[in-house]
Amino acid sequence: MQKRPGRHRRRRNTDRPTTARPESGPAELGALDSDLEKTFATAQLLAEIGIPVAQYDVGRMFMLGQGVDQDCEKGKAWLVKAAESGHAEAAVEVGLAAVRGTSGPVDLEEAARWFRKGAELGDAYGQLLLGTMLLDGEGLQSDPAEGVRWLKLSAQQDRKEAAFRLSLLYDDGETVPVDKSESARWCRKAAELGDMRAQYNMGLKCIHGNGVEVDHAAARHWWRKAMDSSHEWAEGLLEEIRQGYDASPPNLIHTYGFCLHAASTRQDQSARRHTELLGKHMSPGQLFKAEMLADDLMRNFPDGG
């Protein structure tokens, strides 16, 4: 059995994907129906006559135990049927099940096959996951050029994690030639889509003129955006922890740092609560780095917006 990789945890890593599939119910049929058993029965009837969207919903409901007793093996079987009928999101869900080991042993090669199918069917999340695996050689042979191609396709569909990863790639030059302007372009796209890490990085780029003109007002704008985003990120990280997944250390550090700054400058009680909760899951070294980030923000952004 292969070790579960950090890359496909449920939420954010510094340059890695996030799971954006809703956990609250089927994505399409009867999503708002309070009678989940009735919803499941209806979806199952439609699934049995071969309707892919219904097969997907039945698979998800089995996976989540909504409207029916949880049975991940049956859930996967229905998701496979939907995927084989051309349902892109179902293909990605089968891949995620293989990564998480929810319906059998962790199998990264199987995950990569299903992510590729979803990606080829146009699913932005599948494109992100496939591109990430190609870049890192997880589950299939490393192919950085192909990985970048899939990330660009994903980012063009407004997948912010893909845009952020591209920004980092053009900054470090390990996979593609260093291009500070291209890095800033993808970073700006991710920031505009609400990625807190990209918003923070755009602030730094504007302070130092890294791929953009020096613009302290713009830096304040992006750091204000990042501070506003920190609440959502904190809730996401705490939910990830509640579900038993390892939260990304870089994301913990960034989120804690911005929440600490918001608590100090805005007297934001929600931010203060988030720092208390996140701090319980951070090492002394991580807390030190987060406090250094907050100090840096205080120097450059003392009023917190």
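(A) Focus on helix α10 (residues 196-208). Helix length check: α10, at 13 residues, gives a terminal C-alpha distance of 19 Å against a target of 18 Å (1.5 Å per residue), a fit within 8%. By the criterion of burial, α10 is predominantly enclosed, with 11 of the 13 residues buried. Where α10 is concerned, the buried positions are Met196, Arg197, Ala198, Gln199, Tyr200, Asn201, Met202, Gly203, Lys205, Cys206 and Ile207. Against the buried residues of α10 lie α8 (160-172), α9 (180-192), α11 (216-242), α12 (249-265) and α14 (284-300).

(B) Helix α7 (residues 144-156), seen in detail. Its 13 residues give α7 an end-to-end C-alpha distance of 18 Å, which sits within 8% of 18 Å, the value for a rise of 1.5 Å per residue. If you follow the buried residues of α7, they end up packed against α5 (108-120), α6 (124-136), α8 and α9. Immediately downstream of α7, the backbone of Asp158 shows phi near 70°, a positive value.

(C) Spotlight on the nonpolar core. Among the nonpolar cores identified, the biggest contains 67 residues, and Phe115, Phe258 and Leu278 are the most heavily contacted of them. Tallying contributions element by element places α11 first for this core, with 11 residues. Among the nonpolar cores identified, the runner-up in size contains 12 residues, and Ala82, Ala90, Val94 and Trp114 belong to it.

(D) Structural context of the confidence of the model for the protein chain. Scored by pLDDT, the protein chain has a mean of 87; 88% of the residues are at 70 or more. Segment residues 1-25 is flagged for pLDDT under 50; beyond a separation of four residues in sequence, or across chains, it makes 98 contacts in the model. Confidence drops under a pLDDT of 50 for residues 29-33, and excluding neighbours within four residues, the segment shows 8 contacts in the predicted structure.

(E) Expanded view of the state of the cysteines. Using the criterion set out here, one finds 0 disulfides in the structure. For the unlinked cysteine Cys187, the closest cysteine sulfur is that of Cys206, found at 8.9 Å. With a relative accessible area of 0%, Cys187 lands in the buried category.

(F) Geometry of the side chain of Asp268. Along the polypeptide, Asp268 turns up in the loop between α12 and α13 (269-279). Buried Asp268, no salt bridge; nearest opposite-charge side chain is Arg266, N-O distance 5.1 Å. Separated by 3.0 Å, the side chain of Asp268 and the backbone nitrogen of Ser270 make a polar contact. Once residues within four sequence positions are removed from consideration, Asp268 is found in contact with His231, Ala262 and Ala263.

(G) Main features of the pattern of salt bridges. Enumeration over the complete set of coordinates arrives at 14 salt bridges. With its nearest N and O atoms 3.3 Å apart, the salt bridge here joins Arg165 to Asp136. Of the two residues, Arg165 is situated in helix α8 and Asp136 in helix α6; the sequence distance between them amounts to 29 residues. Since its relative accessible area comes to 6%, Arg165 is described here as buried. Owing to a relative accessible area of 30%, Asp136 belongs among the partly exposed residues under this scheme. Salt-bridge contacts for Arg266 lead to Asp228; the nearest nitrogen and oxygen are separated by 2.9 Å. Pair noted here: Arg266 is in the loop between α12 and α13 and Asp228 is in helix α11, with a separation of 38 residues, a long-range link. Looking at Asp228, the relative accessible area reads 44%, which means it is partly exposed. Bridged by salt links that share partners, the residues Asp171, Lys180 and Lys205 form one connected network.

So, how was this worked out
- Residues numbered from 1 in each chain as written.
- Predicted model: local features only at pLDDT ≥ 70, side-chain atom pairs only at ≥ 80, totals over all residues.
- Heavy atoms only, no water.
- Helix = DSSP H or I, 4+ residues; strand = E, 2+ residues; numbered from the N terminus.
- Expected span 1.5 Å × (residues − 1).
- Buried < 20%, exposed > 50% of the residue type's maximum accessible area, 1.4 Å probe, protein only.
- Contact = heavy atoms within 4.5 Å.
- Core = buried A, V, L, I, M, F, W, Y, C linked by side-chain atoms within 4.5 Å.
- pLDDT = per-residue confidence, 0-100.
- Disulfide = S-S within 2.5 Å.
- Lys, Arg positive; Asp, Glu negative; His and termini not counted.
- Salt bridge = Lys/Arg side-chain N within 4 Å of Asp/Glu carboxyl O.
- Polar contact = N/O pair within 3.5 Å; in protein donor to acceptor, adjacent residues only side chain to side chain.

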